[in-house]
Amino acid sequence: MTTAQTTLETPTRVTRPGGKAPYLHQIDLFRLITFACVILIHVVGATNFAQDVGANAVETPLHFTREAFFALTGFVLVFQNRGREFTAGDFWRRRLPLVATPYLAWSMFFWAFGLVTGEQQPGSLEASMRLLLTDLVTGGAWYHLYFLLVTMQVYLLFPVLMKLLRATEGKHRWLLLGSGVVQVGVTLFMTYQPLGVSYETITHLYGTILPYQFYTLFGAVVAMHFETVHAWAGRHRLLLGGALVAVLAGTEWFYLRTVHSGTFPQVASDPFQPYLIPWFLTVIAAIYAFTTRWAARRREGSRGARVVSWAANRSFSIFLVHPLALALLGPAIPHVAERFGAPWLSVVIYLATILLTVLIVEVLRRLPGSRALTGRPRLAPAKAAA
């Protein structure tokens, strides 16, 4: 094995004081790619008709983002805590406010935003307050806030997850297999709901951990066996790249076949279609393999390293804010469509959404309430300038 090969197969890490887990730069890029795809799928949905076959064909593979996020959440939590003991109370005090505070702040903001813009019309003060309470319980104030609600559920269950992982050491493959069987059953239930089960019941499941439990556990198990999995991904990048292309082709074929059989395009591309599970696992693995190659060649202080670090630092803030930016751009969409047409409409709005989102985030990061609004501490003037 050459020195270059050894470097590629060695986890990219920085020793950290206090017994903390090493820093993995590939996770920054993984997070950045996934967030960019989140914005893209929301823009494609906002700039095309629901029955557009082509637009839904683009959205279908982009649905991996939610599964990737929960796999990443499970991975990061376990990787940071696998080598140390902690109490549930201490963990919850440190972790829950990081998500709960932005969740409350943005739920209330989007609830008010919906009332002002007419998106929500409850009709009375009592109905408005009832709507707010429902939104807080279900994550329904805006279409992306379910993610924060489910993340808080992951945090609440994490101490139990760690005990389970340690108790089943040596049997993690069977743990994943059982979770995978449950995942297939859940997606079948959500896609082909039995008689007597309303669509409203199905939509409420989106805000629970149940449809994402397998991916969270998948990330957690990978973290427990990080060195082995990381080395395997480094040795099989070409295999994973080929699998990515093949599974993507199969996924699109299955989507088109489903549409041609008479299924509404938006239903055929639903993120909980069972046929998407192989794609989700393949794309998560392939992106990680790609990011490890970048991390192995990363040079500290280089432009690429600085850009990724800067963007990763703001990624959660961008996730919180981008739906607002897209909503503010909504009135411009018809005018852009008239001038450019498809698919350039989606391209223009995508770039505009990213630009406006970053501008809003940079303003919010400098306000006293930055931690509540962006999930990150307020930027000091000197740091902001840097």
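Residues numbered from 1 in each chain as written. Predicted model: local features only at pLDDT ≥ 70, side-chain atom pairs only at ≥ 80, totals over all residues. Heavy atoms only, no water.

Digging into the overall build of the protein chain
Here is the rule: Helix numbering and strand numbering both begin at the N terminus, where a helix is a DSSP run of H or I of at least 4 residues and a strand a DSSP run of E of at least 2. Throughout, the radius of gyration refers to the C-alpha atoms, and the reference size of a globule is 2.2 Å times the residue count to the power 0.38. A 1.4 Å probe rolled over the protein chains alone gives each residue an accessible area, and that area as a share of the maximum for its type sets the label: buried under 20%, exposed over 50%, partly exposed in between. Throughout, a residue-residue contact means that at least one pair of heavy atoms, one from each residue, lies within 4.5 Å. Each accessible area is a Shrake-Rupley estimate made with a 1.4 Å probe; only the visible protein chains count as cover when residues are assessed. Under the convention used here, Asp and Glu are negative, Lys and Arg are positive, and both His and the chain ends fall outside the count. For this purpose, a charge sits on NZ of Lys, CZ of Arg, CG of Asp or CD of Glu.
The secondary structure content of the protein chain amounts to 19 helices and 0 strands. Expected size for 386 residues packed as a compact globule is a radius of gyration near 21 Å; at 21 Å, the protein chain falls within 12% of this value. The principal-axis extents of the C-alpha atoms in the protein chain amount to approximately 65 × 55 × 45 Å. Looking at the 386 residues of the protein chain, the share that counts as buried comes to 47%. In the protein chain, 77% of the contacts between residues at least 6 apart in sequence involve partners at least 24 apart. For the protein chain, the computed accessible surface area is about 19500 Å², with 67% contributed by carbon and sulfur atoms. Seen as two clouds, the 32 positive and the 18 negative side-chain charges of the protein chain have centres 13 Å apart.

So, the confidence of the model for the protein chain
Note the cut-off: pLDDT is a residue-level measure of predictor confidence that goes from 0 to 100.
Residues at a pLDDT of 70 or more form 93% of the protein chain, whose mean pLDDT is 90. pLDDT under 50 marks residues 1-15. Its contacts with residues more than four places away, or in other chains, come to 30 contacts.

A word on helix α6 (residues 125-138)
What counts is decided by this rule: By definition here, a helix of n residues has an expected span of 1.5 Å times n minus one. Directions pointing from the helix axis toward each C-beta atom define the arc.
Between its first and last C-alpha, α6 extends 20 Å over 14 residues, near the 20 Å set by a 1.5 Å rise per residue. Along α6, the residues classified as buried are Ala127, Ser128, Leu131, Leu132 and Asp135. Take α6 and look down its axis: the buried residues cluster within an arc of 145 degrees, on one side only. Exposed side of α6, more than 90 degrees from the buried face: Glu126, Leu133 and Val137 are the residues found there. Contacts from the buried residues of α6 go to α5 (88-117). Gly139 lies just past α6 and shows a positive phi near 75 degrees.

Structural notes on unusual backbone geometry
Cis geometry is adopted by the peptide bond preceding Pro343, which originates at Ala342 and carries an omega value of 0 degrees. The topology assignment puts Pro343 in the loop between α16 (333-340) and α17 (344-364).

Observations concerning empty space enclosed by the protein
Short version of the rule: Space inside and on the surface of the protein is sampled on a 1 Å grid over the protein atoms alone, with a cavity defined as a set of points where a 1.4 Å probe fits but cannot get out and a pocket as an open set with protein on both sides within 12 Å along at least 5 of 7 lines; lining residues have an atom within 4 Å of a point. Grid points are joined across faces, edges and corners, and a volume is the space filled by probe spheres set on the points. Under the scheme applied here, ten amino acids are nonpolar (Ala, Val, Leu, Ile, Met, Phe, Trp, Tyr, Cys and Pro), four are charged (Asp, Glu, Lys and Arg), and all others, including Gly, are polar.
This structure, assessed with the given rule, holds 1 cavity of 30 Å³ or more. What the largest cavity holds in volume is close to 40 Å³. What lines the largest cavity is simply Glu67, Gln183, Thr187, Pro211, Tyr215, Pro271, Phe272, Gln273, Ile277 and Phe280. Looking at the lining of the largest cavity, the elements with two or more residues in it are α8 (172-191) and α14 (277-297). Residues belonging to the lining of the largest cavity are distributed by class as follows: 6 nonpolar, 3 polar and 1 charged.

Focus on the packing of aromatic side chains
The criterion, for reference: Planes of paired rings set the category: under 30 degrees apart is stacked, over 60 is edge-to-face and the rest tilted, where pairs are Phe, Tyr or Trp rings (Trp by its six-membered ring) whose centres lie within 6.5 Å. Charge-over-ring placement is defined geometrically: NZ (Lys) or CZ (Arg) within 6 Å of the ring centre, and within 35 degrees of the ring normal.
Tallying each qualifying case throughout the model produces 30 aromatic pairs. Their ring planes at 45 degrees and their centres at 5.7 Å tell us that Phe86 and Phe91 sit as a pair that is tilted. Phe91 matches Phe86 in its accessibility class, with the two residues each being buried. On the basis of an interplanar angle of 80 degrees and a centroid distance of 5.3 Å, the ring pair of Phe109 and Phe110 is categorised as edge-to-face. Classification of Phe109 by relative accessible area gives partly exposed; the value is 34%. Of the aromatic side chains, those joined through ring pairs into one cluster are Phe35, Phe69, Phe70, Tyr146, Phe147, Tyr206, Tyr212, Phe272 and Phe319. Across the ring face of Phe254, the terminal group of Arg257 is positioned such that the distance to the ring centre comes to 5.8 Å.

Remarks on the side chain of Arg66
Keep this limit in mind: Note on definitions: salt bridges are taken to be side-chain nitrogens of Lys or Arg within 4 Å of carboxyl oxygens of Asp or Glu.
You can see Arg66 is positioned in helix α4 (residues 64-81). Despite being buried, Arg66 has no salt bridge partner; Glu67 is the closest side chain of opposite charge, sitting 4.8 Å away. In contact with Arg66, other than residues within four places in its own chain, are Tyr146, Tyr212, Pro271 and Phe272.

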